[in-house]
Amino acid sequence: SLKITDECINCDVCEPECPNGAISPGAETYDIAPEKCTECVGHYDTPQCVEVCPVDCIIKDPAHAENQDQLWAKFQKLTGNA
Ligand code: SF4
Ligand code: SF4
């Protein structure tokens, strides 16, 4: 999963771009739900939120580090193909 750092300016540009509905407004900044973020694996070649974020505040979440196989399995689970 990726995560949003406290550099986030709450611009709301990323939220509609997420194919998994993983992004939502949080108390201080926007948040990514780790159980829904596939790092865009299964949908796009690159993380769409990272592509659009104007302040580059979206990074790999060290607390939810996953390899490609794990991200693919999450995509399949989310789409009911597991
Ligand atoms: Fe959503 Fe993709 Fe960003 Fe994860 S990397 S939060 S799946 S847009
Ligand atoms: Fe925050 Fe970046 Fe998303 Fe804007 S695009 S809400 S700055 S994470």
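Residues numbered from 1 in each chain as written. Chains lettered and ligands numbered in written order. Predicted model: local features only at pLDDT ≥ 70, side-chain atom pairs only at ≥ 80, totals over all residues. Heavy atoms only, no water.

### A closer look at the pattern of salt bridges
Part 1 of the reasoning: Under the counting rule described, the total for this entry stands at two salt bridges.
Part 2 of the reasoning: Of the charged contacts, one joins K60 and E39 as a salt bridge, the two residues approaching to 2.8 Å between their closest N and O atoms. Here E39 lies in the loop between β3 (30–32) and α1 (48–52) and K60 lies in strand β4 (residues 58–60), a separation of 21 residues in the sequence.
Part 3 of the reasoning: Judged by its relative accessible area of 10%, E39 is buried.
Part 4 of the reasoning: A salt bridge links K74 to E66; the shortest N-O distance between them is 2.8 Å. (Salt bridge = Lys/Arg side-chain N within 4 Å of Asp/Glu carboxyl O. Helix = DSSP H or I, 4+ residues; strand = E, 2+ residues; numbered from the N terminus. Buried < 20%, exposed > 50% of the residue type's maximum accessible area, 1.4 Å probe, protein only.)

### Re the site of ligand 1
Part 1 of the reasoning: Around ligand 1, the structure places L2, C18, P19, N20, I23, I32, C37, T38, E39, C40, P47 and C49.
Part 2 of the reasoning: In the shell around ligand 1, the residues fall into nine nonpolar, two polar and one charged. (Near = heavy atom within 4 Å. Nonpolar A, V, L, I, M, F, W, Y, C, P; charged D, E, K, R; others polar.)

### Examining the packing of aromatic side chains
Part 1 of the reasoning: Following the criterion strictly, the structure yields one aromatic pair and no others.
Part 2 of the reasoning: Both rings, one in W72 and one in F75, keep their centres 5.1 Å apart while their planes meet at 40 degrees; by these two values the pair is tilted. Placement of both W72 and F75 in helix α2 (residues 68–78) is noted, with a separation of three residues, approximately one turn of the helix.
Part 3 of the reasoning: W72 sits in the partly exposed class, given a relative accessible area of 41%.
Part 4 of the reasoning: The exposure class of F75 is buried, given its relative accessible area of 11%. (Phe/Tyr/Trp six-rings, centres within 6.5 Å; stacked < 30°, edge-to-face > 60°.)

### A look at the nonpolar core
Part 1 of the reasoning: Ranked by internal contacts, the top residues of the largest apolar core, which has 14 residues, are I4, I23, I32 and I58.
Part 2 of the reasoning: When contributions to this core are tallied by element, the ones reaching two or more residues are β1 (2–4) and β3.
Part 3 of the reasoning: Here I23 is in contact with I4, C14, E15, C18, Y30, D31, I32 and C49, once residues within four sequence places are set aside. (Core = buried A, V, L, I, M, F, W, Y, C linked by side-chain atoms within 4.5 Å. Contact = heavy atoms within 4.5 Å.)

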